[in-house]
Amino acid sequence: MDLFLNIFIGGLLIGGIYSLVSMGLSLQYGVGKVYNIAHGEFLMFGAFITYWLQSMGVNPLVAVVINAPLMFIVGFILYRTVFTGIRVRSPNPGVFESNGMLAAFGLYFIVQNIAVLIWGSTPYSYQYLNTSVALGPSDFHLNRIIAAVFAIAIGVIFYIFLASTRSGKAIRAAAQDTATAGLMGVDINFVLAMCFGFGAAMAGIAGTLISVCYPIQTTMGLGYTVIATVVITLGGLGSIPGSFIGGFIIGIITTGVAYWEPGLAVAAYYIIFIILLLVRPKGIMGR
Amino acid sequence: MLEVKKLSAGYGNIQILWDVSLKVNEGEIVALIGGNGAGKSTLVRTITGLLPANSGTVEFLGKSIDGLEPHKIAELGISHIPEGRKIFTDMSVMENLEMGAYPKNAWKNKKNTLKKVYEMFPRLKEREKQLARTFSGGEQQMLAMGRGLMSQPKLCIIDEPSNGLAPMVVMEVFEIIQSMRKQGITILLIEQNVKQTLEISDRAYVLENGRIVMEGDCATCLASEHIKKAYLGL
Ligand SMILES: Nc1ncnc2c1ncn2[C@@H]1O[C@H](COP(=O)(O)OP(=O)(O)O)[C@@H](O)[C@H]1O
Ligand SMILES: [Mg+2]
């Protein structure tokens, strides 16, 4: 029983970060229609910016204040230039989706190259609130608890933004039917770029939170892109609540698998992913 | 109010519209009729910026709107109520209506406009909290029309509102279109329900294979042998 409770709590803690990364990818892919293979690279950059700032004495959680707006701007400009360019040149949405994905692939290699040049490929780490606190039957690191609470807070704030503001509603409308949202007066190119920017900012924040808990390295990004892909397939493409809940479900499943056989954790994502594509391609919240 | 001059457009290399010209004057209901695949929706989508034109121009209130993005055209006062309703099924009825008021000027007045729209469509008010996906086809059409009014448009372009609806609901739809005109809204009505459409409209254009083949006032059209044979089954 204690084992199950431990897996559950551990899964929720890591799940918060998975939720945040996945909501970001869901905005980029579900709304912006770009399957951003380079999503995890924003996360990696966020982690390294945080590392750099904390080495200069900044509190790593405060790094988010610099990190998130910076990633938003980079993501926004990237969509406005590269992806909008591809979108207007594509004869139909299918062509845009495949060409957009290829461009994101290119972006992945470019960012990887630059990052390895700057930081090499060895792990970096620092200590922050590394004390243990009792949570349920056993102890957990305080930094992981704080990271999870932070991630959940961002998720909730974003949900409220989507539900109750004019811009949030425009994003939801564009997610359902881009052309019709345009007819309503929504500036589609702007809103899609905004979604891509928000997605990048979420990845950047997740990078900060990961650096608070775990060692970081330049190759860390792709694994999170894979997890986020599984989560948004589970949660339903473009569904923000689906990504939020899906992050916790995958967190708990992978924590459970890792307890049992750590070597199978990655295989578990893919098994879940393939089963989902076969059984419920629209996800738990998709329609 | 709206003037389309020698418009050609299509999808990729396939040209659908050939030198289409038409005019809608302020206060009119103008009908655009034609069979399935004639190019009616393509024409409307080119006017409201969803599709680029190959050649020709579109003027609204005396100014060219060529090449403007859909949201700019919506802000100028054209409301396009699209074929197939296209309501936001995962949003509530109220949120759908709010989306209709998205342009900045309309957003400021949305409380008042909402009140007026609820007066026209009392059933929408009763069910304002419900998800739009729970609506029947007729109710979805009412919602689409209510949403189209939320931007306080000068011109409404309504694409096949009666498609797939029961005869009773079709009557209701046509009554609403007439009451829209009474509120001072100019209307371009795309329909395949030819007889009823010609009865409530002032003038009509007939589109066949992407070309305007006939235009004139509705009485003339109703009397024409071609219309009788091809569209009224007489
Ligand atoms: N997205 C599209 N891509 C390619 N061809 C299209 C597309 N939409 C419509 N068409 C074609 O354009 C022609 C006109 O269609 P449409 O404008 O929808 O006619 P109508 O509204 O009069 O029924 C049809 O032959 C149709 O097959
Ligand atoms: Mg049509």
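1. Considering the overall build of chain A
Phase 1: Counting its regular elements, chain A contains 11 helices and 2 strands.
Phase 2: Here the C-alpha radius of gyration of chain A, 18 Å, is about what a compact globule of 287 residues would show, namely 19 Å.
Phase 3: Here chain A holds 287 residues, and the buried ones make up 53% of them.
Phase 4: The contacts in chain A between residues at least 6 apart in sequence include a share of 76% that link residues at least 24 apart.

2. A word on the overall build of chain B
Phase 1: Secondary structure assignment for chain B yields 11 helices and 10 strands.
Phase 2: For a compact globule of 234 residues, the expected C-alpha radius of gyration is about 17 Å, and chain B comes in at 17 Å, within 12% of that figure.
Phase 3: Going through the 234 residues of chain B one by one, you find that 52% of them count as buried.
Phase 4: Considering only contacts in chain B between residues 6 or more positions apart, those separated by 24 or more positions represent 68%.
Phase 5: Surface accessibility of chain B: about 10600 Å² in total, with carbon and sulfur atoms responsible for 51%.
Phase 6: In chain B, which carries 29 positive and 27 negative side-chain charges, the distance between the mean positions of the two groups comes to 4 Å.

3. Brief notes about the confidence of the model for chain A
Phase 1: A residue-level look at chain A finds 99% of positions with pLDDT of 70 or above and a mean pLDDT of 90.
Phase 2: Mean pLDDT across the elements of chain A bottoms out in strand 1 (residues 132-135) of chain A (76) and peaks in helix 7 (residues 178-183) of chain A (96).

4. Some details on the site of ligand 1
Residue and element names in this part refer to chain B.
Phase 1: With respect to spatial proximity, the complete set of residues near ligand 1 consists of Tyr11, Ile16, Gly35, Asn36, Gly37, Ala38, Gly39, Lys40, Ser41 and Thr42.
Phase 2: Ala38 places a main-chain nitrogen or oxygen 3.2 Å from an oxygen atom of ligand 1.
Phase 3: Thr42 places a side-chain nitrogen or oxygen 2.5 Å from an oxygen atom of ligand 1.
Phase 4: Contact with the protein chains covers 59% of the free accessible surface of ligand 1, which is 560 Å².
Phase 5: The element contributing the most residues to the shell around ligand 1 is helix 1 (residues 40-47), with 3 residues.
Phase 6: Classifying every residue of the shell around ligand 1 by side-chain character gives 3 nonpolar, 6 polar and 1 charged.

5. Comments concerning the state of the cysteines
Residue and element names in this part refer to chain B.
Phase 1: Following the criterion strictly, the structure yields 0 disulfides over all chains and no others.
Phase 2: Left unpaired, Cys156 is separated from the closest cysteine sulfur, that of Cys218, by 18 Å.
Phase 3: The buried category is assigned to Cys156, whose relative accessible area is 0%.
Phase 4: Lacking any disulfide linkage, Cys221 is separated from the closest cysteine sulfur, that of Cys218, by 6.0 Å.
Phase 5: With relative accessibility at 1%, the residue Cys221 sits in the buried group.

6. A closer look at the sheet that holds strand 7 (residues 155-159) of chain B
Residue and element names in this part refer to chain B.
Phase 1: Taken together, the 6 strands give an open sheet; going across it, the order is 6-7-8-3-9-10, and neighbouring strands pair in mixed fashion. Sheet topology places strand 6 (78-81) and strand 10 (211-217) at the edges, where each strand pairs with a single neighbour. When the angles between neighbouring strand axes are averaged without regard to direction, this sheet yields 15°.
Phase 2: Strand direction decides the pairing type here: strand 6 and strand 7, joined by 4 bridges, are parallel. Paired with Ser79 across the strands is Cys156, a residue of strand 7.
Phase 3: Each of strand 3 (29-33), strand 7 and strand 8 (186-191) is contacted by helix 8 (residues 167-182), which is oriented at about 155° to strand 8, the strand it contacts most.

7. Topic: the sheet that holds strand 5 (residues 63-64) of chain B
Strand pairing in a sheet relies on backbone hydrogen bonds. The paired strands run either parallel or antiparallel.
Residues and elements named next belong to chain B.
Phase 1: Reading across from one edge, 2-1-4-5 is the order of the 4 strands in this open sheet, with antiparallel pairing throughout. Edge positions in the sheet fall to strand 2 (14-24) and strand 5, since each of these pairs with one other strand and no more.
Phase 2: Pairing of strand 1 (residues 2-11) with strand 4 (residues 53-60) involves 6 bridges; the strand directions are antiparallel. What sits directly across from Leu2, in strand 4, is Phe60.
Phase 3: Its contacts with the sheet put helix 1 on strand 1, strand 2 and strand 4, and the angle it makes with strand 1 is roughly 115°.

8. Regarding the interface of chain A and chain B
Phase 1: Opposite the 20 residues of chain A that make contact, chain B presents 25 residues.
Phase 2: It is Arg166(A), Leu183(A) and Met184(A) that lose the most area in chain A upon contact with chain B, and together they represent 37% of the buried surface on that side.
Phase 3: Put simply, chain A and chain B have 2 salt bridges between them.
Phase 4: Of the charged contacts, one joins Glu95(B) and Arg172(A) as a salt bridge, the two residues approaching to 2.9 Å between their closest N and O atoms.
Phase 5: At the surface where chain A touches chain B, the tally comes to 6 residue pairs in polar contact (both at pLDDT 80 or more).
Phase 6: Among the elements of the structure, helix 6 (166-176), helix 7 and helix 8 (188-213) of chain A are those that each provide at least two residues to the side of chain A that touches chain B.
Phase 7: Residue contributions to the side of chain A that touches chain B peak at 6 residues, all from helix 6 of chain A.
Phase 8: Across the side of chain A that touches chain B, the residue classes break down as 9 nonpolar, 5 polar and 6 charged.

9. Here we look at the nonpolar core
Phase 1: Ranked by size, the top nonpolar core spans 87 residues in total, and within it Leu20(A) and Ile250(A) carry the most contacts.
Phase 2: The biggest single contributor to this core is helix 8 of chain A, with 17 residues.
Phase 3: In this structure, Ile250(A) is in contact with Tyr18(A), Ile227(A), Val230(A), Val231(A), Leu234(A), Tyr269(A) and Ile272(A), ignoring residues within four places of it in sequence.
Phase 4: Leu124(B), Phe135(B), Leu165(B) and Ile177(B) belong to the second-largest nonpolar core, a separate cluster that totals 33 residues.

10. Observations regarding the pairing of strand 4 of chain B
Residues and elements named next belong to chain B.
Phase 1: When strand 4 meets strand 5, the two strands line up antiparallel, connected through 2 bridges. In the strand pairing of strand 5, Glu59 is matched with Ser64.
Phase 2: From the end of strand 4 to the start of strand 5, which pair antiparallel, there are 2 residues, and Leu61 there has a positive phi angle of about 50°.

11. Regarding the pattern of salt bridges
Phase 1: For the coordinates displayed, the defined rule picks out 12 salt bridges over all chains.
Phase 2: Close ionic contact of Lys110(B) with Glu98(B) constitutes a salt bridge, the shortest N to O distance being 3.7 Å. A residue pair is termed long-range when its members are at least 10 positions apart, and Lys110(B) in helix 5 (residues 110-120) and Glu98(B) in helix 3 (residues 93-100) qualify at 12 residues. Of the two residues, Lys110(B) and Glu98(B), neither departs from the other in class, the shared state being buried.
Phase 3: The closest approach of N and O atoms between Arg181(B) and Asp202(B), which form a salt bridge, is 2.8 Å. With Arg181(B) in helix 8 and Asp202(B) in the loop between helix 9 (194-200) and strand 9 (203-208), this pair connects stretches of sequence that are 21 residues apart.
Phase 4: It is possible to trace a salt-bridge network through shared partners that takes in Lys169(A), Glu98(B) and Lys110(B).

What counts, and where the lines are drawn
Residues numbered from 1 in each chain as written. Chains lettered and ligands numbered in written order. Predicted model: local features only at pLDDT ≥ 70, side-chain atom pairs only at ≥ 80, totals over all residues. Heavy atoms only, no water. Helix = DSSP H or I, 4+ residues; strand = E, 2+ residues; numbered from the N terminus. Rg over C-alpha atoms; globule rule 2.2 N^0.38 Å. Buried < 20%, exposed > 50% of the residue type's maximum accessible area, 1.4 Å probe, protein only. Contact = heavy atoms within 4.5 Å. Areas by Shrake-Rupley, 256 points an atom, 1.4 Å probe, with all protein chains shown as cover. Lys, Arg positive; Asp, Glu negative; His and termini not counted. Charge placed at Lys NZ, Arg CZ, Asp CG, Glu CD. pLDDT = per-residue confidence, 0-100. Near = heavy atom within 4 Å. Polar contact = N/O pair within 3.5 Å; in protein donor to acceptor, adjacent residues only side chain to side chain. Nonpolar A, V, L, I, M, F, W, Y, C, P; charged D, E, K, R; others polar. Disulfide = S-S within 2.5 Å. Pairing = 2+ DSSP bridges. Axes fitted to C-alpha atoms, helices over the stretch in contact; angles between N-to-C directions. Buried area = accessible area lost by both parts, 1.4 Å probe. Salt bridge = Lys/Arg side-chain N within 4 Å of Asp/Glu carboxyl O. Core = buried A, V, L, I, M, F, W, Y, C linked by side-chain atoms within 4.5 Å.

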